[in-house]
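Tertiary structure, described
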Amino acid sequence: MEQFCHFIDGRFHPSTSWIDVTEPATGAVYAHVARGTADDVNRAVQAAEAAFPLWAELPAAERAAYLYRIADELEKRLEEFARAESQDQGKPIALARSLDIPRSIANLRFFAAAALHVSTEAHPAPGMLNYTLRQPVGVVGCISPWNLPLYLFTWKIAPAIAFGNTVVAKPSELTPRTATMFAALCKECALPAGVLNVVHGYGSEVGAAIVEHPRIRAISFTGSTTTGEYIARTAGPHFKKLSLELGGKNPTIIFADADLETALPTIVRAGFLNQGEICLCGSRVLVERSIYDTFVERFCEKVRSLRVGDPLDEHTEIGALVSEAHYHKVLNAIANAERDGGQILVGGKPAYVDGRCKNGWFVEPTVIVGLKPSCAANQEEIFGPVVTILPFDDEEEAIRIANSVRYGLAASIWTQNLRRAHAVAAQIECGVVWVNCWMLRDLRTPFGGIKASGIGREGGWEAYRFFTEAKNVCIKL
Ligand code: NAD
């Protein structure tokens, strides 16, 4: 059976202890991943520290060249990586092929180019000159989740490396496969030993050891709000730089003047892409009352037609949920919503997929109406193929409902009224607003959330600021 080993100091290291890796579509164990310890993290930190001085001093163009080379190799093996991601995570192969792996390649190329184009400020004044140096932080920790495994892994390690840091990274123990393949690719592309180290294992063991390690100067974390709370509490006393990208309960706000014909496919996609396992998913759909009935009918019709199936089938639109525990969590959330008075209009049950997937963790795409904004299904992240729909009477009420949750990651607004689009966008409490679109991304823009969705921003200049320290140099002239 395949084994996913740690990658430390440019070499793969087996482990004395292993964790089962399961294929979500079949429920069967298909590989083992190393169960790392604090000692493994310590060895990775030592390797990263040893690599740091030379790496940080390399001209940016040379660091960028490594990233471009790795991106080119990844592009050549797009299909191999897409299959691996689909099997490991449960996502449809078509999605891994069109989103996960292309975006991972784009992350590498974007930050390679960024490293060549960033600049710093100068503050000239009579008799003195101040200028800012932006120096790499040192050894940084990058901890990523299971929903978009390689996409989010590269979203962190690409800027970290491009701007001169060395990295100790931990992918999710549920989806360790593509990060391991990626480490092998870095080795083939002769990335200097110690620049990227990957330590596998449980969050409470390896993740915690990274967060607590005194010589890891910054932590870029994407994952749940609960883990984010722990990291903030633990890393705070060490004065580490922190970027926390956490959960969301994102509103999709549809006004009566929205162009439903073009909006509907995107609103369905926003609710159900990747089985709803994307932090940006629009899981609360708020609809202006005058079009509520029509919207619900047309939305449900589209959701019913989504194809649940084997993730490796080209035509599958909804794959398997990542783990058995998550599958039960999603089904429990649906049962609780029903107990809270929700009416299930579509789905609501496990989905049965024949053949090799008969033991897989599939849940029907589910639409629930009739719930109060304050109930659990409208307040807590379910992170599965479950969307609730709520009516509202006017702009003010839409904003009030949208902001009534503890999260503040993203929102999408659907209207043809320009004044309203700007006014509502300004008043939603979140880090990202899309108007008449969803998940349309430009990697130069700030990305992140507020409230319980996290602190800090990544992407573009924000990533540059996070992965470097500003030092002001003042010269008396
Ligand atoms: P999670 O918090 O359970 O795990 C995320 C990572 O943290 C994993 O690698 C895990 O092993 C590690 N971890 C767990 N406990 C840890 C600890 N005590 N110390 C250090 N590391 C620890 O999250 P998940 O279930 O893998 O991912 C789903 C969550 O991620 C959802 O809440 C989703 O909204 C969120 N997410 C947010 C964004 C964003 O950009 N805001 C993007 C994707 C996913």
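In case you missed it, the structure is sitting above this.
Residues numbered from 1 in each chain as written. Predicted model: local features only at pLDDT ≥ 70, side-chain atom pairs only at ≥ 80, totals over all residues. Heavy atoms only, no water.

A few points about the packing of helix H2 (residues 60–76) against helix H6 (residues 177–188)
A packed helix pair is summarised by two numbers, namely the angle formed by the two axes and the spacing between the axes. Threshold: Lines are fitted to the C-alpha atoms to define the axes, a helix being fitted only along its stretch in contact, and any angle between axes, read from their N-to-C directions, falls within 0 to 180 degrees. In this text, helices come from DSSP runs of H or I with a minimum length of four residues, and strands from runs of E with a minimum of two, each type numbered from the N-terminal end. We call two directions roughly parallel when the angle between them is under 35 degrees, roughly antiparallel when it is over 145, roughly perpendicular when it lies between 65 and 115, and oblique otherwise. Should the near helix be turned anticlockwise from the far one by less than a right angle, the crossing is left-handed, and should it be turned clockwise, the crossing is right-handed. In what follows, a contact means two residues having at least one pair of non-hydrogen atoms within 4.5 Å. Only Asp, Glu, Lys and Arg are considered charged, only Ala, Val, Leu, Ile, Met, Phe, Trp, Tyr, Cys and Pro nonpolar, and every remaining residue, Gly among them, polar.
Between H2 and H6, the least distance of the axes is 10 Å, while the angle of their chain directions is 125 degrees. Between H2 and H6, the angle is such that the two are oblique. In this structure, H2 meets H6 at a crossing whose hand is right-handed. Every residue of H6 that contacts H2 at Ile70, Glu73 and Leu74 is listed here: Phe182, Leu185 and Cys186. Looking at the contact of H2 with H6 residue by residue, the class counts come to five nonpolar, no polar and one charged.

What to know about empty space enclosed by the protein
To keep it simple, the criterion reads: Lining residues are those with an atom within 4 Å of a point, where the points come from a 1 Å grid over the protein atoms alone and group into cavities, where a 1.4 Å probe fits but cannot get out, or pockets, open sets with protein on both sides within 12 Å along at least five of seven lines. Grid points are joined across faces, edges and corners, and a volume is the space filled by probe spheres set on the points.
Following the criterion strictly, the structure yields three cavities of 30 Å³ or more and no others. Of the volumes computed, that of the largest cavity is approximately 100 Å³. Along the walls of the largest cavity sit 14 residues, with Gly276, Cys281, Ser283, Glu381 and Phe383 positioned nearest its centre. Of the residues belonging to the lining of the largest cavity, the class tally is six nonpolar, six polar and two charged. Empty space within the second largest cavity amounts to approximately 60 Å³. In terms of lining residues, the second largest cavity is bounded by 15 residues, among which Pro251, Tyr407, Gly408, Ala410 and Glu429 are the most central. The set of elements that each furnish at least two residues to the lining of the second largest cavity consists of strand S18 (407–408) and strand S19 (410–414). Counted by class, the lining of the second largest cavity contains nine nonpolar, three polar and three charged residues.

Focus: the sheet that holds strand S1 (residues 2–4)
In plain terms, the rule: What makes two strands pair is DSSP finding at least two bridges between them.
The mixed open sheet is built from three strands, whose spatial order is S1-S5-S4. Edge positions in the sheet fall to S1 and strand S4 (18–23), since each has one partner strand and no second. Averaged over all pairs of adjacent strands, the angle between their axes in this sheet comes to 35 degrees, without regard to strand direction. As defined by bridge partners, S1 adjoins strand S5 (residues 28–34) across three bridges and the pair is classed as parallel. Pairing of Glu2 across the sheet is with Ala31, part of S5.

Section: helix H1 (residues 38–57)
Here is the rule we go by: Multiplying 1.5 Å by the residue count of a helix minus one yields the expected span of that helix. Note that the bend at a residue is defined as the angle between axes fitted to the seven residues ending at it and the seven residues starting at it. Categorising residues by exposure relies on relative accessible area from a 1.4 Å probe, with only protein chains included: less than 20% of the type maximum marks a residue as buried, more than 50% marks it as exposed, and the intermediate range marks it as partly exposed.
The end-to-end C-alpha separation of H1 is 29 Å, in line with the 28 Å expected for 20 residues at 1.5 Å each. Along H1, the largest kink reaches about 40 degrees and is centred on Ala51; proline Pro53 follows within four residues of it. Looking at H1, one finds that the buried residues are Asp40, Val41, Ala44, Val45, Ala47, Ala48, Ala51 and Trp55.

Some points on the environment of Ile399
With respect to the helices and strands, Ile399 occurs in helix H13 (residues 395–402). Classification of Ile399 as buried rests on a relative accessible area of 10%. Taking the C-alpha atoms as reference points, Ile399 and Ala425, separated by 26 residues in sequence, lie 9.4 Å from one another. The contacts of Ile399, once residues within four sequence positions are left out, are Val424, Gln427 and Ile428.

Considering the sheet that holds strand S23 (residues 468–476)
Spatial strand order, S6-S7-S23: three strands in an open sheet with antiparallel pairing. Of all strands in the sheet, those bounded by a partner on one side alone are strand S6 (122–125) and S23. Within this sheet the neighbouring strands show an average axis-to-axis angle of 15 degrees, counted without direction. Judged from the four bridges that link them, S6 and strand S7 (residues 128–136) form a sheet pairing that is antiparallel. Each residue of the ladder has a partner; that of Ala125, found in S7, is Met128.

Concerning the site of the ligand
Heads up, the rule is: By convention in these notes, a residue is near a molecule or strand provided one of its non-hydrogen atoms lies within 4 Å of it. Whenever a nitrogen or oxygen atom comes within 3.5 Å of another N or O atom, the pair is scored as a polar contact, on the condition that within protein one atom can donate a hydrogen and the other can accept it, and that pairs from neighbouring residues in sequence are kept only if both atoms are in side chains. Accessible surface area values rest on a Shrake-Rupley calculation with a 1.4 Å probe, where residue burial reflects the displayed protein chains alone. Being in a pocket or cavity means that more than half of the molecule's atoms lie within 2 Å of its grid points.
Around the ligand lies a shell of 28 residues, among which Trp146, Glu173, Thr227, Leu246 and Glu381 are the nearest. Here an oxygen atom of the ligand and a backbone polar atom of Ser144 are 2.8 Å apart. Isolated, the ligand exposes 850 Å² of accessible area, and the fraction of that covered by the protein chains is 89%. Among the detected pockets, the ligand sits in the largest pocket. At the level of elements, helix H7 (203–212), strand S11 (218–222) and helix H8 (225–235) are the ones that each hand at least two residues to the shell around the ligand. The biggest single contributor to the shell around the ligand is H7, with four residues. Considering only residue class, the shell around the ligand consists of 14 nonpolar, 10 polar and four charged.

A few points about the layout of surface pockets
When its volume is computed, the largest pocket comes out at roughly 920 Å³. If you go around the largest pocket, you meet 46 residues; those closest to its centre are Pro145, Trp146, Gly223, Ser224 and Thr227. Of all the elements in the fold, those that place two or more residues in the lining of the largest pocket are helix H5 (149–162), H7, S11, H8 and helix H11 (324–339). Residues belonging to the lining of the largest pocket are distributed by class as follows: 22 nonpolar, 15 polar and nine charged. If you add up the space inside the second largest pocket, you get close to 330 Å³. Around the second largest pocket sit 17 residues that line it, and Arg269, Phe272, Leu273, Leu306 and Glu317 are the ones nearest its centre. When residues of the lining of the second largest pocket are traced back to their parent elements, those giving at least two are helix H4 (93–117) and helix H9 (260–272). By residue class, the composition of the lining of the second largest pocket is 10 nonpolar, four polar and three charged.

Focus: the side chain of Thr415
Its place among the elements puts Thr415 in the loop between S19 and helix H14 (418–427). For Thr415, a relative accessible area of 2% gives the class buried. Within the structure, the side chain of Thr415 is placed 3.0 Å from the backbone nitrogen of Asn417, a separation counted as a polar contact. Not counting chain neighbours up to four residues away, the residues in contact with Thr415 comprise Phe255, Asp257, Ala258, Arg420, Ala421 and Asn436.

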